[in-house]
Amino acid sequence: MTRALATTALLMPCLVLAAGSTSAAATGNSSREVTPVAAANRAATIEPEAQGFINAVQVYPFADGAIYHVITAPERVTDIALQPGETLVAVASGDTVRWVIGDTTSGSGAEKRTHVLIKPFSAGLTTNLVITTDRRSYHIALTATAKTAMAALSWTYPQDALIALKRAAAATEAAAPVAGGIEVEQLHFNYAVSGDRPVWRPFRAFDDGRQTFIEFPETLAVAEAPPIFLVGAKGEAQLVNYRVKGRFYVVDRIFDVAELRLGTKHQQIVRIRRVADGAPSRRES
């Protein structure tokens, strides 16, 4: 019995050492797992900057995946203003006990704006905030200081501005005439359209003596557009350069025969043929 107790006593330090080694290994593994996460969060965090303030409002450029650092203080409300017209879906916080979080709106109609209001109960607190809307998600890191708080913050949206510019440019281009400086008397409509009848089959073709214009239905904007080939006297086809202006193809030359072709196994072909001057334009079957 004494020998058994002595053996157990001798083994105890080994067991303690083994347990300590296991704990240290677990801590080391945990540290290695957390390190890249912490590094990524630090790299993604955008801090307030003096040049980013417009009066008392910190204006951040919005980027998906960024974390915005917001500094708050007890007895001070910080206003997080969303984009005008943006609809709030949900607000989630890591600490809902020691932070007061609410929301309100300002404005009306297209300019109606949602405001998320933040206030900590005491200094020294930190937590995170996730705001989801019908347009995007905002990730925010909150810090509570003793006295200094950001009055308000909002965002600019470079991606939205770029999309708006592209839409405006497209609308301007669509409203522009297909060609300028052309008199009706200069146009020649002596072209016949024949062949298959796909949804994109052109209505007609005409030229002004320099360029050929092929007019398509509105479905060209949503359907796959066919390339155009010039057909020689021996039937050989050659791809020709053209521009798309709204629902028109503009070819910078006059041709006798051209074909619009789309597909591989079951190719759809529409032929456009210039007929003799003075002959009426027509759409053949």
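In this report, the structure presented in the accompanying data block is examined. All values reported here derive from a predicted model rather than from experimental measurement.

Cut-offs and rules
Residues numbered from 1 in each chain as written. Predicted model: local features only at pLDDT ≥ 70, side-chain atom pairs only at ≥ 80, totals over all residues. Heavy atoms only, no water. Phe/Tyr/Trp six-rings, centres within 6.5 Å; stacked < 30°, edge-to-face > 60°. Helix = DSSP H or I, 4+ residues; strand = E, 2+ residues; numbered from the N terminus. Buried < 20%, exposed > 50% of the residue type's maximum accessible area, 1.4 Å probe, protein only. Lys NZ or Arg CZ within 6 Å of the ring centre and 35° of its normal. Salt bridge = Lys/Arg side-chain N within 4 Å of Asp/Glu carboxyl O. Pairing = 2+ DSSP bridges. Core = buried A, V, L, I, M, F, W, Y, C linked by side-chain atoms within 4.5 Å. Contact = heavy atoms within 4.5 Å. Polar contact = N/O pair within 3.5 Å; in protein donor to acceptor, adjacent residues only side chain to side chain. Axes fitted to C-alpha atoms, helices over the stretch in contact; angles between N-to-C directions.

1. Side note on the packing of aromatic side chains
- Inspection of every chain in the model, using the stated rule, returns 12 aromatic pairs.
- Ring centres 5.9 Å apart and planes at 35° place the aromatic pair F62 and Y157 in the tilted group. In this pair, F62 sits in the loop between β3 (57-61) and β4 (67-72) while Y157 sits in the loop between β11 (152-156) and α2 (158-175), placing the two residues 95 residues apart along the sequence. Here F62 and Y157 have matching classes, each one buried.
- Note on Y138 and W155: the rings are 4.4 Å apart at their centroids and 45° apart in plane angle, and the pair reads as tilted. Within this pair, whereas Y138 is found in strand β10 (residues 137-144), its partner W155 is found in strand β11, the two being separated by 17 residues in sequence.
- Across from the ring centre of F62, 5.2 Å away, lies the NZ or CZ of R136, which sits over that ring.
- A cation sits over an aromatic face here: R261 above F229, 5.2 Å from the ring centre.

2. With respect to the pattern of salt bridges
- Counted by the stated rule, this structure contains 10 salt bridges.
- Across the pair D95 and R98 runs a salt bridge, and its minimum N-O distance is 2.8 Å.
- In this structure, R261 engages E259 in a salt bridge whose closest nitrogen and oxygen atoms are separated by 2.7 Å.
- Taken together, the shared-partner salt bridges in this structure form one network comprising R204, E215, E218 and R247.

3. Some remarks on the pairing of strand β15 (residues 228-231)
- Burial along β15 is two-sided: I228 and L230 and F229 and V231, pointing in opposite directions, are all buried.
- Both β15 and strand β19 (residues 257-262) contribute to a ladder of 3 bridges, which runs antiparallel. Residue pairing across strands places L230 opposite A258, the latter belonging to β19.
- Of the strand pairs in this sheet, β15 and strand β16 (residues 237-239) are connected by 3 bridges, and their pairing is antiparallel. Residue pairing across strands places V231 opposite A237, the latter belonging to β16.
- Taking the residues that link successive antiparallel strands as the turn, the β15-β16 hairpin has 5 residues, and the phi of G235 there is positive, at about 90°.

4. Points about the sheet that holds strand β8 (residues 113-120)
- Here we have 6 strands laid out as an open sheet, ordered β2-β3-β11-β5-β8-β7, and mixed in their pairing. Two strands bound the open sheet, and with one partner strand each, they are β2 (53-54) and β7 (99-106).
- As paired elements, β3 and β11 share 5 bridges and run parallel to each other. Within the sheet, the bridge partner assigned to V57 lies in β11 and is A152.

5. Examining the nonpolar core
- Among the nonpolar cores identified, the biggest contains 21 residues, and I80, I131, I140 and W155 are the most heavily contacted of them.
- When contributions to this core are tallied by element, the ones reaching two or more residues are β4, β8, β9 (126-133), β10 and β11.
- Looking at this core, the element that brings in the most residues is β10, giving 4 residues.
- Every residue in contact with I131, bar those within four places of it in the chain, is listed here: I80, L82, L88, A90, V91, V116, R136, S137, Y138 and I140.

6. Focus: the side chain of Q58
- Within the fold, Q58 resides in strand β3.
- A polar atom in the side chain of Q58 sits 3.1 Å from the backbone oxygen of E49.
- Not counting residues within four places of it along the chain, the set of residues in contact with Q58 comprises E47, P48, E49, G52, F53, M150, A152, L153 and S154.

7. With respect to the sheet that holds strand β18 (residues 248-251)
- Ordered by their spatial adjacency, 4 strands build an open sheet running β13-β14-β18-β17, and the pairing between neighbours is antiparallel. What marks the edges here is a single partner per strand, and that holds for β13 (204-207) and β17 (243-245). Sheet twist, expressed as the average angle between the axes of neighbouring strands with direction ignored, equals 25°.
- The pairing of β17 with β18 spans 3 bridges and is classified as antiparallel. Bridge pairing in β18 places K245 opposite F248.

Geometric values such as these leave the question of function open.
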